[in-house]
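Chain by chain, the residues run as shown.
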Amino acid sequence: MDTEICWHGRGGQGVVTANEILAEVSIYAGKYVKAFPEFGPERMGAPIRAFARISEGPIRIHTQVYDPDIVIVIDPTLIGKVDVGKGLKAGGTIIANYPGSSADLQKAIGTGAECHAVDATRISMEEIGRPMVNTSMLGALVKVRPIIRYEALEGHIKAKFEGKLQEKAIEQNVRALKRAYEEVS
């Protein structure tokens with residue numbers, strides 16, 4: 001069964017990197033993947049989206065995701081400004097970096113869809129020291145919809161950034177990943 005995902009965020013928040021990590025771990029797990037970003041005005045802070053299709057078999061669709069199974073919102077300031085639930089399939093899930101409850105998130109979006117909130121900004125500030133929430137949101141995603149194994153995701157993050165980031169930064173990101181996995185509601 002195919003899983004289609006749409007990420008919402010702003011330039012510089014790590015949306016593209018998170019989508020790439022999800023795709024890479026899915027490929028290593030033996031799945032077929034199509035993943036790509038969509039940019040508007042190419043500037044830091046501009047709204048962007050990224051898309052992923054993950055399947056057990058070959059993927060023959062080469063377009064953006066119009067009807068996602070999962071929507072992930074990295075930047076809570078987009079809620080109410082961008083229709084983040086647009087096209088969400090019946091039975092779909094919204095996972096958002098949101099400081100309130102899941103019920104509050106559902107009300108803020110104006111949807112009856114299944115919603116899950118995690119305060120990824122708070123987690124990243126406490127663990128990383130800056131509001132870089134993409135790793136946290138990956139943790140929340142695999143808890144809510146276990147498309148890939150948490151252990152595979154954690155291992156991939158460690159391996160991907162070894163030699164690129166200091167060991168301390170990798171450890172901070174792994175702690176943020178784990179906390180969001182545990183705290184998503």
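Look a little higher up for the structure.
Predicted model only: the values in this text are computed from it and were never measured.

**Some details on the side chain of K160**
Right, on to step 1. The topology assignment puts K160 in helix 5 (residues 150-161).
Right, on to step 2. Within the local environment of K160, its side chain forms a polar contact with the side chain of E24, the two groups lying 3.1 Å apart.
Right, on to step 3. Those residues in contact with K160, other than ones at most four positions away along the chain, are I21 and E24.

**Side note on the packing of helix 3 (residues 120-127) against helix 6 (residues 167-183)**
Right, on to step 1. Running from N to C, helix 3 and helix 6 point in directions that differ by 145°, and their axes come no closer than 9 Å. Every pair of crossing elements has a handedness; the one defined by helix 3 and helix 6 is right-handed. In this structure, helix 3 uses R122, I123, E126 and E127 to contact helix 6, whose residues at the interface are Q172, R175, A176, R179, A180 and E183.
Right, on to step 2. Partitioned by chemical class, the residues of the contact of helix 3 with helix 6 number 3 nonpolar, 1 polar and 6 charged.

**Side note on the side chain of R53**
Right, on to step 1. Take R53: it is sitting in strand 3 (residues 47-55).
Right, on to step 2. By relative accessible area, which is 3% here, R53 ends up buried.
Right, on to step 3. At a separation of 2.6 Å, a polar atom in the side chain of R53 contacts the main-chain carbonyl oxygen of T63.
Right, on to step 4. Here the side chain of R53 touches Q64 through a polar contact of 3.1 Å, landing on its backbone oxygen.

**Section: the layout of surface pockets**
Right, on to step 1. There is about 230 Å³ of room inside the largest pocket.
Right, on to step 2. Taken together, G14, T17, I128, R130, M132, N134, T135, F161, L165, A169, Q172 and N173 make up the lining of the largest pocket.
Right, on to step 3. Within the residue set of the lining of the largest pocket, elements represented by two or more residues are helix 4 (134-144) and helix 6.
Right, on to step 4. The biggest single contributor to the lining of the largest pocket is helix 6, with 3 residues.
Right, on to step 5. Of the residues that constitute the lining of the largest pocket, the class distribution is 5 nonpolar, 6 polar and 1 charged.

What counts and what doesn't
Residues numbered from 1 in each chain as written. Predicted model: local features only at pLDDT ≥ 70, side-chain atom pairs only at ≥ 80, totals over all residues. Heavy atoms only, no water. Helix = DSSP H or I, 4+ residues; strand = E, 2+ residues; numbered from the N terminus. Polar contact = N/O pair within 3.5 Å; in protein donor to acceptor, adjacent residues only side chain to side chain. Contact = heavy atoms within 4.5 Å. Axes fitted to C-alpha atoms, helices over the stretch in contact; angles between N-to-C directions. Left-handed = near helix turned anticlockwise from the far one by under 90°. Nonpolar A, V, L, I, M, F, W, Y, C, P; charged D, E, K, R; others polar. Buried < 20%, exposed > 50% of the residue type's maximum accessible area, 1.4 Å probe, protein only. 1 Å grid on protein atoms, 1.4 Å probe; cavity = no way out; pocket = protein on both sides within 12 Å on 5 of 7 lines; lining within 4 Å. Points joined across faces, edges and corners; volume = space filled by probe spheres on them.

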